[in-house]
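Spelled out from the first residue to the last, the chains are:
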Amino acid sequence: MPDDQVVNSAAKKTFWDKVIIQKLSAPAIIVFLVCVSLAVSYVIVSEGYIAGLIILCVIVALPVAYATVAYPKFGIMALIIISFFINYASRLVPEPTPIGLVMDAMTYLLILGFFVKNKSDKQWDYFKNPITYFTLAWLGYNLLELINPASPSILEWVFTVRTVGVIMLMYFVFLYHIRTKEFIKLLIKLWLALELIAAFSGLQQEHIGLFGFENEWLHRFPERYKLLFIGGHLRKWGIFSDPVVYAYNMVAAALVCIALMFGPLKQNKKIILGFMAAFFFTVMLYSGTRASYLIIPAGLSMLFILNFNKKVLIFAIVCALMLGVLIRVPTSNPTLARFQSAFRPSKDASFEERLRNQERIKPFILSHPIGGGLGSVGVWGQRFAPNSYLAKFPPDSGYVRVAVEMGWIGLLLYCTFNFVILYKGIQYFYLIRDPMLKAYCLGMILFIFAFDVGNFPQQALVQYPSNILFYLAMALLNVTMRLDIQQRTLKLKDGGKYLI
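**Student:** It is not clear to me how the packing of aromatic side chains should be interpreted in this structure. Could you clarify?
**Tutor:** Summed over all chains, the structure comprises 25 aromatic pairs. With a centroid separation of 6.3 Å and an interplanar angle of 45 degrees, the aromatic rings of Phe240 and Tyr246 are classed as tilted. For Phe240, a relative accessible area of 1% puts it in the buried group. Through a chain of ring-to-ring contacts, the aromatic side chains of Phe114, Phe115, Tyr126, Phe127, Tyr171, Phe172 and Tyr176 assemble into a single cluster.

**Student:** Explain the environment of Leu218 here, please?
**Tutor:** Within the secondary structure layout, Leu218 lies in helix H10 (residues 212-218). Residue classification places Leu218 among the buried residues on the basis of a relative accessible area of 1%. On a C-alpha basis, the gap between Leu218 and Phe229 in space is 9.9 Å, while along the polypeptide they are eleven residues apart. Setting aside residues up to four positions removed in sequence, Leu218 forms contacts with Leu210, Arg224, Tyr225, Leu228, Leu234 and Trp237.

**Student:** Mind showing me how you'd approach the confidence of the model for the protein chain here?
**Tutor:** The share of residues in the protein chain with pLDDT of 70 or more is 83%, and the mean pLDDT across the chain is 83. Across residues 3-8 the pLDDT falls below 50, and counting only partners more than four positions away or on other chains, this stretch makes one contact in the model.

**Student:** It is not clear to me how a positive patch on the surface should be interpreted in this structure. Could you clarify?
**Tutor:** Together, Lys185, Lys189, Lys266 and Lys269 give the surface a local cluster of positive charge. By secondary structure assignment, the location of Lys266 is in the loop between helix H12 (243-260) and helix H13 (267-284). Looking at Lys266, the relative accessible area reads 61%, which means it is exposed.

**Student:** Explain helix H5 (residues 101-120) here, please?
**Tutor:** Helical geometry: 3.6 residues make up each α-helical turn, so side chains three or four residues apart lie on a common side. Taking 1.5 Å of rise per residue, the 20 residues of H5 would be expected to cover 28 Å, and the 29 Å separating its terminal C-alpha atoms lies within 8% of that figure. Within H5, burial applies to Met103, Asp104, Met106, Thr107, Leu110, Ile111, Gly113, Phe114 and Asn118.

**Student:** For this particular structure, what's the right way to read the pattern of salt bridges?
**Tutor:** Opposite charge on two side chains permits pairing when their charged atoms draw close. Summed over all chains, the structure comprises seven salt bridges. Salt-bridge contacts for Glu359 lead to Lys362; the nearest nitrogen and oxygen are separated by 3.5 Å. You can see Glu359 and its partner Lys362 sitting in helix H17 (residues 349-367), three residues apart, about one turn around the helix. Between Glu405 and Arg401 there is a salt bridge, and its shortest N-O distance comes to 3.1 Å. Here Glu405 pairs with Arg401, and both are found in helix H19 (residues 398-431), just four residues apart, close to one helical turn.

**Student:** What am I meant to see in the packing of helix H4 (residues 72-90) against helix H8 (residues 170-177) here?
**Tutor:** In helix packing, the relevant descriptors are the interaxial angle and the interaxial distance, both defined with respect to the helix axes. Direction vectors running N to C along H4 and H8 enclose 135 degrees, while the axes themselves pass 10 Å from each other. Classed by the angle they form, the pair H4 and H8 counts as oblique. By crossing handedness, the relation of H4 to H8 is classed as left-handed. Contact residues: H4 offers Pro72, Lys73, Ile76 and Leu79, while H8 offers Met170, Val173, Phe174 and His177.

Thresholds, definitions, all that
Residues numbered from 1 in each chain as written. Predicted model: local features only at pLDDT ≥ 70, side-chain atom pairs only at ≥ 80, totals over all residues. Heavy atoms only, no water. Phe/Tyr/Trp six-rings, centres within 6.5 Å; stacked < 30°, edge-to-face > 60°. Buried < 20%, exposed > 50% of the residue type's maximum accessible area, 1.4 Å probe, protein only. Helix = DSSP H or I, 4+ residues; strand = E, 2+ residues; numbered from the N terminus. Contact = heavy atoms within 4.5 Å. pLDDT = per-residue confidence, 0-100. Patch = residues over 30% accessible without salt bridge, like charges linked within 9 Å, V, L, I, M, F, W, Y side chains within 5 Å. Areas by Shrake-Rupley, 256 points an atom, 1.4 Å probe, with all protein chains shown as cover. Salt bridge = Lys/Arg side-chain N within 4 Å of Asp/Glu carboxyl O. Lys, Arg positive; Asp, Glu negative; His and termini not counted. Charge placed at Lys NZ, Arg CZ, Asp CG, Glu CD. Expected span 1.5 Å × (residues − 1). Axes fitted to C-alpha atoms, helices over the stretch in contact; angles between N-to-C directions. Parallel < 35°, antiparallel > 145°, perpendicular 65-115°, else oblique. Left-handed = near helix turned anticlockwise from the far one by under 90°.

And the structure:
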């Protein structure tokens, strides 16, 4: 038997002897466990299965909470996994259940873990970069909206800042705790695996049908069914909150797969990534989200610009021809017809309606430099100030929402913030020398650019997991550059200065 196997076997035996046999076999422990089991059984019998579920959640939550604080890598992976399934799980419980508090709890635990870790391991140099500075500026502006005199209710800000401001702090958590190429690779694998699960969920909804709880959720409110059933076709949403989030995630995942194909991977892995990208693009069509169709050529255009060469030029021409055929080919297929309509906005009634809404709200934006208050439009505006002017306004676009809620000053800051992210990401892409880190950086650039483009026709960054993944991508831009510099400084030094 090899030495390492002997050591592992001895360690397992020691753990079993010291913990299971010696500790848990003590009479006092056995009596305690029996009493607890009897008490739990009594509570379930007297209060029902809901009480049992609550007890089970507490039993699971306590070790998860500890692990999230003590082992940040576990916490980051758990946060990403939960962000994918939180909306799916919400369909198994009554509509008012505040299941979103799970994400809030995970976020706060990771922030707590960040401060605990940073107290003993101060690495403030990780945060000294332009993306961090503009993130702080944008976060500060969100916090200042608390005292916006035009806001009809402070509760709008309180509920909105959870998914807009607090989530932004995850950028700092990711930037601090992601320190190795191996962990990046693990996170990318987890990310794409979760996207595959979501893709298969949409495939199931399209070709097999909805599960019982999905069908019940769909028909719970007549307005929801009318919104999702368009042109004789039910728009699919997979495990996400709505078809827009599903479509955007599928497109972004496909672009990440394509970017990874530019890395130093084996041919069989590149083929797998190519098939995954094609699969993501295909199931995206089931969402019926026309805005996502426009992201595809936009994302590929960015890819071609960053990697321009003869082969890429030929590939770009082939893609353009295929897109032209898909747009012009006669069809009776409702999915393909909806795809074609995205490239003919002049014939789209909903597009014209959005233009009219934007024209109508323009005077308000110009007369309110800091907007009407964070959360003044949408769900929270309708809940806390239903009779206000902004509560009845459908923003549609993420940029329009920023302009309405945070004013033209906020929109200017937000656009500058997004420009700096892309600018530094592209700069890092050309500076990074490690081929795999370069591919990771490229994937994050395409992801961020896709959501920046998609944020104009829709609100792209207000739902899980898109907001979590966006800040993860932001952090990875800096992490890939940092790791590349660290690798080079191990080999080349000149008077203590980096050779770039």
